[in-house]
Amino acid sequence: MFESISIGRAALVDVATVGTLAECLLFYGHVHVIVDHPTFTTLARVCGPETLVGLVQDGYLAITFLENRPAIASRETGTGERHGFVFYEAKGYDSQNLIPRVLQELTGKSGKGRRLAGKLLAKISTKRYTTSELAGVIDEVIDPSYTDRVVPELLSAIAPTYTPPANSIFRVHRISDASFANAFVVETNIDLDRANVEYRKAKPAETLSKSLLIDYLYEGSAEIAFAANTTSELALAKTESLIIEAKLSTTLERSTQSNNVRSAFQRVAVPGARSVAEAVNEGRRSLEDVRRLLPKAEKFRKWLASQPCDADLIQNYVQETTSLDWVSELPAKTLRFVLFNAAQIALGAAIAGPPGAVAGLVIGASDTFLLDKIAAGWKPHQFIRGPFAKFLGQAG
């Protein structure tokens, strides 16, 4: 559980992902983000140049920069609109040019920005799509059972006030066209003009089209490929969740479960505190604060990674926090104290469920024997009730 996670390009567009990124850095052993030139700029701005470089240099964050990406070109013909996958690559926005420029802008110092960029470029990986990969892109969107199902759901997410036909179809057919090496047409009964009116209420600068819908579909498939290559879970934008649910339900279920577990675990382990994501999104903590916390979380992340995928994380935390394998050696007075608190924890779990389970042991400063016993072996609550609670402003 919580071994590694990938955060895709589409997810990073959402500012709320800053909090998700912070949470992932604390919980996962490996965090990998995929960026292109706009999303790298966003990432650098929200992290800050020094924090971003520090996270990468210290091994907490891996970055793959997309030097190009598949895009869709369209043209009108006498028989309708035709489309094809092509490469999109903006001149001057490759990693070697963009990263120094962005970091110089953010630091306000040419030399410092250039030095930070050099450190970052030495650590990140890059990805350039090839012609052979482009030929296979259409295979990801050619199945009508997939596209008929997912496109109406996608429209409900991006144009929620538009209602697609009850028996919607959205089908991609290969064709031969001298203008495109990978040409196709789209067959659909969805009124995209009406859908576009609703879509532009939220995004007035964009136009909803067949090409845009295909781009959404491909992006979801690309996230699956990155996750598979890095053997990781996925942090997803809402549109990607819909698409990947139709493609790969097992991976999505695991990612959704991990997200739910993160939220529930924080509510139980530090009662009354906001989550890490909330603390960062609300501006009460920064990603630099998170970076400084990460070395203290090393053992905690290893403990999380050691938990089976189907483990009850909260139950395991309670069991390890209240482990009594050394209880027979304790003095009678201390034994009564520990058993009483363990009973309180068990009673809280029985009455209130997980939120009532973790009360924590109130250890008197004079009880040095008990303190020595706890210090002898690391337990997850030593991080949660110490640096983590302090980070959330709930230190006891």
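Sequence order as written defines the numbering, with residues in each chain counted from 1. Residue-level local features of this predicted model are given only where pLDDT is at least 70; pairs of side-chain atoms are given and counted only at 80 or more, and the full residue set underlies all totals for whole chains, interfaces and linings. The side-chain numbers reported here are obtained from all heavy atoms of the structure, hydrogens and water having been left aside.

Caption draft 1: Seen up close, the side chain of His-83. Structurally, His-83 can be placed in strand β5 (residues 80–88). Judged by relative accessible area, which is 1%, His-83 ranks as buried. For the purposes of these results, a polar contact is taken to be a pair of N or O atoms within 3.5 Å, where, inside protein, one atom must be able to donate a hydrogen and its partner to accept one; residues adjacent in sequence count only when each atom of the pair is a side-chain atom. A polar contact is formed between the side chain of His-83 and the side chain of Ser-211, at a distance of 3.4 Å. Any pair of residues with heavy atoms lying within 4.5 Å of one another is described as a contacting pair. When residues no more than four places from it in sequence are discounted, the contact partners of His-83 are Ile-72, Ala-73, Ser-74, Phe-180, Asn-182, Ala-183, Phe-184, Val-185, Val-186, Lys-210 and Ser-211. The helix and strand labels rest on DSSP assignments: H or I over at least four residues marks a helix, E over at least two residues marks a strand, and numbering proceeds from the N terminus. Throughout, exposure labels follow a simple rule: accessible area from a 1.4 Å probe, protein chains only, divided by the maximum for the residue type, with under 20% read as buried, over 50% as exposed, and the rest as partly exposed.

Caption draft 2: Spatial organisation of the side chain of Thr-41. With respect to the helices and strands, Thr-41 occurs in helix α3 (residues 37–47). Excluding residues that lie within four positions of it along the chain, Thr-41 makes contacts with Leu-98 and Val-102.

Caption draft 3: Looking closely at the packing of helix α5 (residues 95–107) against helix α6 (residues 110–121). Only the stretch in contact is used when fitting a helix axis, every axis being a line fitted to C-alpha atoms; angles between N-to-C directions are given from 0 to 180 degrees. Following both chains from N to C, one finds α5 and α6 inclined at 135°, their axes separated by 8 Å at the closest point. The orientation of α5 with respect to α6, classified from their angle, is oblique. Like other packed secondary-structure pairs, α5 and α6 cross with a definite hand, here right-handed. Side by side, α5 and α6 meet where Ser-95, Gln-96, Ile-99, Pro-100, Leu-103, Gln-104 and Thr-107 of the first sit next to Ser-110, Lys-112, Gly-113, Arg-114, Leu-116, Ala-117, Leu-120 and Leu-121 of the second. We call two directions roughly parallel when the angle between them is under 35 degrees, roughly antiparallel when it is over 145, roughly perpendicular when it lies between 65 and 115, and oblique otherwise. By convention the crossing between two helices is left-handed if the near helix lies anticlockwise of the far one by an angle smaller than a right angle, and right-handed if it lies clockwise.

Caption draft 4: Seen up close, α3. Every buried residue of α3 is accounted for by His-37, Thr-39, Phe-40, Thr-41, Leu-43, Ala-44 and Cys-47. Positive backbone phi, approximately 90°, marks Gly-48, located one or two places after α3.

Caption draft 5: Inspection of the sheet that holds strand β4 (residues 69–77) at higher detail. Pairing in this open sheet of four strands is antiparallel, and the strands run β4-β5-β8-β7 from one edge to the other. The sheet is open, and its two borders are formed by β4 and β7 (170–174), each paired with just one other strand. Averaged over neighbouring strand pairs, the angle between their axes works out to 35° when direction is ignored. What makes two strands pair is DSSP finding at least two bridges between them. When β5 meets strand β8 (residues 183–188), the two strands line up antiparallel, connected through two bridges. By the bridge assignment, Gly-84 is partnered in β8 with Ala-183.

Caption draft 6: Quick peek at a positive patch on the surface. Each patch is assembled from residues with relative accessible area greater than 30% and no salt bridge, linking like charges that lie within 9 Å and nonpolar side chains (Val, Leu, Ile, Met, Phe, Trp, Tyr) that lie within 5 Å. In these tables, accessible area is a Shrake-Rupley quantity obtained with a 1.4 Å probe, and a residue counts as shielded only by the protein chains included in the view. Any Lys or Arg side-chain nitrogen located within 4 Å of an Asp or Glu carboxyl oxygen qualifies as a salt bridge. We count Lys and Arg on the positive side and Asp and Glu on the negative side, and we leave His and both chain ends out. To locate a charge, take NZ of a lysine, CZ of an arginine, CG of an aspartate or CD of a glutamate. Taken together, Lys-109, Arg-114, Arg-115 and Lys-119 make up a surface patch of like positive charges. Within the secondary structure, Lys-119 sits in helix α6. What makes Lys-119 partly exposed here is its relative accessible area of 42%.

Caption draft 7: Inspection of the nonpolar core at higher detail. Definition of nonpolar core: a set of buried residues of the types Ala, Val, Leu, Ile, Met, Phe, Trp, Tyr and Cys, connected through side-chain atoms within 4.5 Å. Counting 51 residues, the largest nonpolar core has Leu-21, Leu-25, Leu-26, Phe-40 and Leu-61 as the members making the most contacts within it. For this core, the element with the most residues is helix α2 (residues 17–27), which contributes seven residues. Leu-21 has contacts with Ile-7, Val-31, Val-33, Leu-43, Cys-47, Leu-61 and Leu-287, leaving out every residue within four places of it along the chain. Residues Val-137, Ile-138, Ala-159 and Phe-184 belong to the second largest nonpolar core, which totals 32 residues.

Caption draft 8: Representation of α5 within the structure. By this rule the span expected of a helix is its residue count minus one, scaled by 1.5 Å. Between its terminal C-alpha atoms α5 stretches 18 Å, which fits the 18 Å expected from 13 residues at 1.5 Å a residue. Within α5, the full set of buried residues consists of Ser-95, Leu-98, Ile-99, Pro-100, Val-102, Leu-103 and Thr-107. Lining the buried residues of α5 we find α3, α4 (49–57), β3 (61–66), α6 and β6 (125–127).

Read these as geometric descriptors, not functional statements.
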